Amino acid sequence: MKPSPDNDASIAQLADLFHLLGDPTRLRIVLSCLAGPIAVGDMAAALQLSSSLVSHHLRLLRAARIVKAERQGKQVFYSTADAHISGVLTDMLEHIAEPTNGIDP
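Rules used in this analysis
Counting starts from 1 at the beginning of each chain's written sequence and moves along it residue by residue. Only residues with pLDDT of at least 70 are given local features in this predicted model, and only at 80 or more are side-chain atom pairs given and counted; all residues enter the totals for whole chains, interfaces and linings. The side-chain quantities take in all heavy atoms of the structure and omit both hydrogens and water. UniProt positions are given in the numbering used here, feature names are shortened, and annotations may be inferred rather than shown by experiment. Counting from the N terminus, the helices are the DSSP runs of H or I reaching at least four residues and the strands are the DSSP runs of E reaching at least two. Exposed residues in this analysis have more than 50% of their type's maximum accessible area, buried residues have under 20%, and partly exposed residues fall in between, with area computed by a 1.4 Å probe over protein chains only. Any two strands are treated as partners once DSSP identifies two or more bridges connecting them. Pairs of residues are marked as contacts when any of their non-hydrogen atoms sit within 4.5 Å. Here the axes come from fitting lines to C-alpha atoms, over the contacting stretch only for helices, and the angles between their N-to-C directions go from 0 to 180 degrees. Any angle that is under 35 degrees is reported as roughly parallel, and any over 145 degrees as roughly antiparallel; angles of 65 to 115 degrees are reported as roughly perpendicular and all others as oblique. The residue classification treats Ala, Val, Leu, Ile, Met, Phe, Trp, Tyr, Cys and Pro as nonpolar and Asp, Glu, Lys and Arg as charged. All others, Gly included, are polar.

- In the nomenclature of an unreviewed UniProt entry, the chain corresponds to Winged helix-turn-helix transcriptional regulator from the organism Massilia antarctica.

What follows is the structure in structure tokens.
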């Protein structure tokens with residue numbers, strides 16, 4: 001069942017999702033998960049952030065079902081939760097890369 005744009009609960013959930021993704025650090029973390037599963041330490045190193053800060057943000061992102069975790073031995077690897085999240089982010093990255101085609105910014 002598709003969420004209705006007239007449903008206040010759906011609107012509130014969507015606003016929360018965009019609020020989480022509106023934080024540049026969290027957005028960078030999610031974007032680092034687009035290519036495939038990545039460990040917290042590798043993500044922290046690539047983003048030049050502390051592992052504890054990345055872990056804190058990942059907890060919030062997992063609770064919102066934006067990323068998912070998979071344990072492999074002692075390490076936990078994170079990836080985008082599903083094709084919806086990956087698709088929205090990929091589409092938005094393509095959108096901002098498009099020329100403006102004469103439209104005033």
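Let us keep going from here.
### A look at the UniProt feature "domain: HTH arsR-type" (unreviewed entry) in the chain
1) Next: In the numbering adopted here, UniProt assigns the feature "domain: HTH arsR-type" (unreviewed entry) to residues 6-100.
2) Next: As annotated, residues 6-100 comprises 62% helix and 15% strand, and the C-alpha atoms at either end are separated by 31 Å.

### Focus: the pairing of strand E3 (residues 75-80)
1) Next: Here E3 lies mainly inside the structure; five of its six residues are buried.
2) Next: Where strand E1 (residues 38-39) lies against E3, two bridges are found, and the strand directions are antiparallel. What sits directly across from Ile-38, in E3, is Tyr-78.
3) Next: Note that strand E2 (residues 67-72) and E3 share six bridges and pair antiparallel. If you follow Val-67 over to E3, its bridge partner there is Thr-80.
4) Next: Two successive antiparallel strands, E2 and E3, enclose a turn made up of two residues, where Gly-73 displays a positive phi of approximately 70°.

### Section: the sheet that holds E3
1) Next: As summarised here, the arrangement of the three strands in space is E1-E3-E2, forming an open sheet in which the pairing is antiparallel. The open sheet has two edge strands with one neighbour each: E1 and E2.

### What to know about the side chain of His-57
1) Next: For His-57, the position within the fold is in helix H4 (residues 51-63).
2) Next: Classification of His-57 as buried rests on a relative accessible area of 8%.
3) Next: Once you skip the residues sitting within four places of it in the chain, His-57 turns out to touch Asp-23, Thr-25, Arg-26 and Ile-29.

### As for the packing of helix H2 (residues 24-32) against H4
1) Next: Contact geometry of H2 with H4 gives a least axis separation of 10 Å together with a crossing angle of 80°. It follows that H2 is roughly perpendicular to H4 by the angle criterion. Residue-level inspection shows Thr-25, Arg-26, Ile-29 and Val-30 of H2 in contact with H4, the latter providing Val-54, His-57, Leu-58, Leu-60 and Leu-61.
2) Next: In terms of residue class, the contact of H2 with H4 is built from six nonpolar, two polar and one charged.

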